[in-house]
Amino acid sequence: MSIVILTGAGISAESGIGTFRDAGGLWEQYPIEQVATPEGFAADPDLVHRFYNARRANAAQAEPNAAHRALAKLERQHTGDVLIVTQNVDDLHERGGSQNVLHMHGALNRATCSACGHTWPAPTEMHTTDPCPKCTAPSTRPDIVWFGEIPQGMNSIESKLRTADLFVSIGTSGTVYPAAGFVQSANALGLRTLELNLETSSGAFDESRTGPATQLVPTWVEEVLSQQRNSTKR
Ligand code: APR
């Protein structure tokens, strides 16, 4: 059984990384247009670098939780493909042991050059005047997909959904497209769809389970692996 898993900020919430739209969330503290748009970066690159430097430091302090680790166990022990498509820019999936991770909104630990497109591991602190390691232009930026920009890996995601059997959405409010539309694509393609979230985001899923990810995800992974063990015993 091939599984595509979409994760959002909710899977990292119990690791201490704030979500965006819950009470007190990031977008209540910072205006999106100032810190998460190309226009905001052009207007005040220092502010945007300070915003992502703070998020990078916060993510580095955080530890993967039981949900991240359970998904890594699923990837190791499940006989079918497991792809994690994450909207998150932290690296907790990777530090929790997952290898097949696609960051569709970019990654805090990656930097890119607006002039030549080169990407490299981001330093802890980035500054407006940093020269690009490849073309030396002072046009470096966090490799984050801002509002109005094209998410990364869309072709891979769409082709993976076409061959998958199950689509699981974990810890996302389902408010930002194109990620929010994956469940409709999955339904149209005949995949089974499951939501694991603190609260039900939409009625679009075949099944919705509500609760904290650190409880729902390990339980679900154990179900999948024990079904797999039972089916190989026959
Ligand atoms: N366990 C499971 N789900 C949780 C938990 C938890 N402990 N805590 C919060 N949630 C759920 C909330 O109920 C909500 O549905 O996680 C979701 C968080 O929603 P958002 O804050 O909107 O985050 P997300 O869905 O990832 O946002 C998508 O929007 O701003 C952009 O690029 C940003 O990638 C982000 C995208």
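Bear in mind that the values here come from a model prediction, so they are computed numbers and not experimental data. (Residues numbered from 1 in each chain as written. Predicted model: local features only at pLDDT ≥ 70, side-chain atom pairs only at ≥ 80, totals over all residues. Heavy atoms only, no water.)

Caption draft 1: Local environment of the pairing of strand E8 (residues 192–197). Counting buried residues in E8 gives five out of six residues, a clear majority hidden from the surface. Across five bridges, strand E7 (residues 166–170) lies against E8 in parallel orientation. Considered in E8, the bridge of Leu166 is made with Arg192. For the crossover that starts at E7, traverses helix H9 (residues 182–188) and ends in the parallel E8, the hand is right-handed. Here E8 runs beside strand E9 (residues 207–210); their pairing, made up of four bridges, is parallel. Each bridged residue has a counterpart across the sheet, and for Leu194 the counterpart in E9 is Glu207. (Buried < 20%, exposed > 50% of the residue type's maximum accessible area, 1.4 Å probe, protein only. Helix = DSSP H or I, 4+ residues; strand = E, 2+ residues; numbered from the N terminus. Pairing = 2+ DSSP bridges. Right-handed = clockwise from strand over helix to strand, strands pointing away.)

Caption draft 2: Region of the structure containing the site of the ligand. Near the ligand, the surroundings consist of 23 residues, among which Phe20, Arg21, Trp27, Thr172 and Ser173 are the closest. Between Glu14 and the ligand, the recorded distance is 3.0 Å, taken from a side-chain N or O atom to a nitrogen atom. A distance of 3.4 Å separates an oxygen atom of the ligand from a polar side-chain atom of Glu199. For the ligand, whose unbound accessible area comes to 740 Å², protein coverage reaches 94%. For the shell around the ligand, the residue count by class is nine nonpolar, ten polar and four charged. (Near = heavy atom within 4 Å. Polar contact = N/O pair within 3.5 Å; in protein donor to acceptor, adjacent residues only side chain to side chain. Areas by Shrake-Rupley, 256 points an atom, 1.4 Å probe, with all protein chains shown as cover. Nonpolar A, V, L, I, M, F, W, Y, C, P; charged D, E, K, R; others polar.)

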